[in-house]
Amino acid sequence: MKKFALIGAAGYIAPRHMRAIKDTQNQLVAALDPNDSVGIIDSYFPNCDFFTEFERFDRHIDKKRRKGESIDFVSICSPNYLHDSHVRFGLRSESHVICEKPLVLNPWNIDGLQELERESGFRVNTILQLRLHPTIIGLKAQLDAVSDTSKKEVDLTYITSRGNWYNVSWKGDVKKSGGIATNIGVHFFDMLHFLFGKLQHNRVHINQENSASGYLEYEKARVRWFLSTDERSLPTSAVQQGQRTFRSITIDGQELEFSDGFTDLHTRSYEHILSGQGFTLEDNRVAIETVSDIRNQKADINGDDLHPFAI
Ligand code: NAD
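Residues numbered from 1 in each chain as written. Predicted model: local features only at pLDDT ≥ 70, side-chain atom pairs only at ≥ 80, totals over all residues. Heavy atoms only, no water.

Visitor: Any details on the pairing of strand S1 (residues 3–7)? Residues and values, ideally.
Guide: Every regular strand shows the same layout, with side chains that alternate between the two sheet faces. Extensive coverage of S1 is indicated by the burial of 4 of its 5 residues. Pairing between S1 and strand S2 (residues 27–32): 5 bridges, direction parallel. Bridge pairing in S2 links Ile-7 to Leu-32. Following the chain from S1 across helix H1 (residues 14–23) to the adjacent parallel S2, one finds a crossover that is right-handed. By the bridge criterion, 4 bridges tie S1 to strand S4 (residues 73–76) in an arrangement that is parallel. From the neighbouring strand, Ile-7 faces S4, where its bridge partner is Ile-76. (Buried < 20%, exposed > 50% of the residue type's maximum accessible area, 1.4 Å probe, protein only. Helix = DSSP H or I, 4+ residues; strand = E, 2+ residues; numbered from the N terminus. Pairing = 2+ DSSP bridges. Right-handed = clockwise from strand over helix to strand, strands pointing away.)

Visitor: So what about the site of the ligand? Which residues, and what values?
Guide: Contacts to the ligand come from 26 residues, most closely from Asp-33, Asn-80, Gln-129, Trp-170 and Lys-171. With respect to the ligand, the side chain of Glu-100 contributes an N or O atom lying 2.9 Å from a nitrogen atom. Separating an oxygen atom of the ligand from a side-chain N or O atom of Trp-170 is a distance of 2.8 Å. If the ligand stood free it would expose 840 Å²; the protein chains cover 82% of that surface. When atom positions are compared with the pocket grids, the ligand is found to occupy the largest pocket. Across the shell around the ligand, the residue classes tally to 11 nonpolar, 11 polar and 4 charged. (Near = heavy atom within 4 Å. Polar contact = N/O pair within 3.5 Å; in protein donor to acceptor, adjacent residues only side chain to side chain. Areas by Shrake-Rupley, 256 points an atom, 1.4 Å probe, with all protein chains shown as cover. 1 Å grid on protein atoms, 1.4 Å probe; cavity = no way out; pocket = protein on both sides within 12 Å on 5 of 7 lines; lining within 4 Å. Sits in = over half its atoms within 2 Å of the grid points. Nonpolar A, V, L, I, M, F, W, Y, C, P; charged D, E, K, R; others polar.)

Visitor: Provide a residue-level description of the domain arrangement of the chain, including the pertinent values.
Guide: Taken as a whole, the chain is organised into domain 1 (3–126) and domain 2 (130–310). Computed over C-alpha atoms, the centres of domain 1 and domain 2 are 26 Å apart. Counting residues at the interface gives 34 residues for domain 1, matched by 30 residues for domain 2. Between domain 1 and domain 2 the total buried area reaches about 2,800 Å² when both faces are included, carbon and sulfur atoms providing 60% of it. Here domain 1 and domain 2 share 1 salt bridge between them. Its salt-bridge partner being Arg-285, residue Asp-111 comes within 2.9 Å of it at the nearest N-O pair. (Domains from an automatic or database assignment. Contact = heavy atoms within 4.5 Å. Buried area = accessible area lost by both parts, 1.4 Å probe. Salt bridge = Lys/Arg side-chain N within 4 Å of Asp/Glu carboxyl O.)

Visitor: If you had to explain the sheet that holds strand S7 (residues 152–160) to someone new, which residues and values would you point to?
Guide: Consider a sheet: its strands pair through backbone hydrogen bonds, and that pairing is either parallel or antiparallel. Reading across from one edge, S8-S9-S10-S7-S11-S12 is the order of the 6 strands in this open sheet, with mixed pairing throughout. Among the strands making up the open sheet, the edge pair consists of strand S8 (199–207) and strand S12 (254–255). As paired elements, S7 and strand S10 (residues 221–228) share 8 bridges and run parallel to each other. By the bridge assignment, Lys-152 is partnered in S10 with Ala-221. Those strands touched by helix H13 (residues 285–296) are S8, strand S9 (211–218) and S10, and its axis lies near 40° from that of S8. (Axes fitted to C-alpha atoms, helices over the stretch in contact; angles between N-to-C directions.)

Visitor: Quick rundown of the layout of surface pockets? Include the residues and the values.
Guide: Regions of empty space are outlined by a rolling probe, equal in size to a water molecule, passed over the atoms. Each pocket or cavity is described by its volume, and for the largest pocket that value is around 1,100 Å³. Forming the walls of the largest pocket are 40 residues, and the residues nearest its centre are Tyr-12, Ile-13, Glu-100, Lys-101 and Lys-171. Listing elements by their share of the lining of the largest pocket, those giving two or more residues are helix H4 (83–92), S7, helix H7 (165–168), helix H10 (186–196) and helix H12 (265–274). The class makeup of the residues in the lining of the largest pocket is 19 nonpolar, 13 polar and 8 charged. Counted as a void, the second largest pocket has a volume near 230 Å³. Considering the residues around the second largest pocket, the lining is formed by Leu-139, Gln-142, Leu-143, Val-146, Ser-147, Asp-148, Thr-149, Ser-150, Lys-152, Glu-219, Lys-220 and Ile-251. Broken down by element, the lining of the second largest pocket gets its largest block of residues, 3 residues, from helix H6 (residues 134–145). Here the residues of the lining of the second largest pocket are counted per class, giving 4 nonpolar, 4 polar and 4 charged. (Points joined across faces, edges and corners; volume = space filled by probe spheres on them.)

Visitor: Give a detailed account of the sheet that holds S1, specifying residues and quantitative values.
Guide: Taken together, 6 strands build an open sheet; the order of strands is S3-S2-S1-S4-S5-S6 and the sheet is parallel. Since the sheet does not close on itself, it has two edges, and those belong to strand S3 (49–51) and strand S6 (124–126), each with one partner. On average, adjacent strands in this sheet sit at an angle of 20° to one another, irrespective of strand direction. Where strand S5 (residues 96–99) lies against S6, 3 bridges are found, and the strand directions are parallel. Its bridge partner lying in S6, Cys-99 is registered against Thr-126. Across the sheet, helix H3 (residues 54–66) touches S1, S2 and S3, and the angle it forms with S2 is around 145°. Packing against the sheet, H4 makes contact with S1, S4, S5 and S6, and its axis sits at approximately 155° to S5.

Next comes the structure, spelled out in structure tokens:
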């Protein structure tokens with residue numbers, strides 16, 4: 001049985017990690033969050049030690065390490081801009097790490113972590129759960145099997161309405177979350193790279209607080225993408241059905257159906273990691289380069305290949 005510590009235990013995604021630790025027959029022994037709304041821990045690991053101050057958590061983990069009871073894995077569910085530091089804490093504590101997406105905000109952060117990974121001998125694993133989605137795995141196998149060199153025409157649209165809280169929270173602060181393309185888009189940009197190969201062009205048409213859009217070209221696909229957290233972006237059909245989320249990926253005009261199969265992807269990710277096959281720091285590089293580049297380039301709505309929702 002492996003011993004886990006969890007950073008960011010009071011947040012939205014933390015219970016998926018608690019469940020994955022439980023589902024894989026492991027144990028959560030320590031958790032940290034400055035916010036103490038963590039009653040959810042009782043549903044999984046009532047004996048887990050809990051800290052609201054990093055310094056006390058650090059002392060506790062270090063004491064265990066010196067007694068030869070090191071934590072095996074530190075799982076990180078904190079806000080995006082803190083991942084870099086929390087990964088380093090995990091490695092310095094002589095633990096492997098499991099870090100939520102986006103691993104870091106900029107590609108050069110990956111270099112520093114790789115150095116520390118080498119020095120420490122411990123490993124950083126990341127949650128790239130769409131790579132474990134059965135439909136995406138099937139599609140990749142199909143794409144890899146054909147020798148057709150023509151590029152697929154892909155439209156990716158993801159509108160996930162968020163209330164006013166979003167812009168007030170760290171998620172709405174570009175310095176902390178990286179902005180919408182980083183925080184929400186990184187899943188999809190990693191999936192596109194996984195499916196369609198090397199990234200060749202990256203152009204941005206819209207880069208606003210609550211919506212972003214652009215064009216990406218990969219070895220095997222030309223992609224027009226649109227992301228939004230603004231409910232006013234929802235298509236009429238979704239509004240009429242009372243839906244607050246709209247997700248569509250079309251490949252050469254055919255809708256990719258993958259609404260199901262999302263529920264246990266954190267547990268699948270943990271199984272994958274515990275069997276030594278976790279996604280590495282390097283596996284994240286293209287997606288992190290993509291979002292960093294989107295964040296730092298000037299949007300130009302007059303460009304070519306506009307997504308239909310951007311017009
Ligand atoms: P959240 O705001 O609900 O949770 C973040 C938690 O981190 C909060 O409880 C907050 O108090 C805590 N925190 C803040 N500063 C901290 C610090 N210095 N030390 C320790 N904890 C601290 O956010 P969330 O939606 O749970 O997102 C957390 C992470 O998970 C983000 O990186 C996000 O991108 C990622 N995420 C992944 C998925 C996925 O599907 N894989 C989905 C949602 C979020």
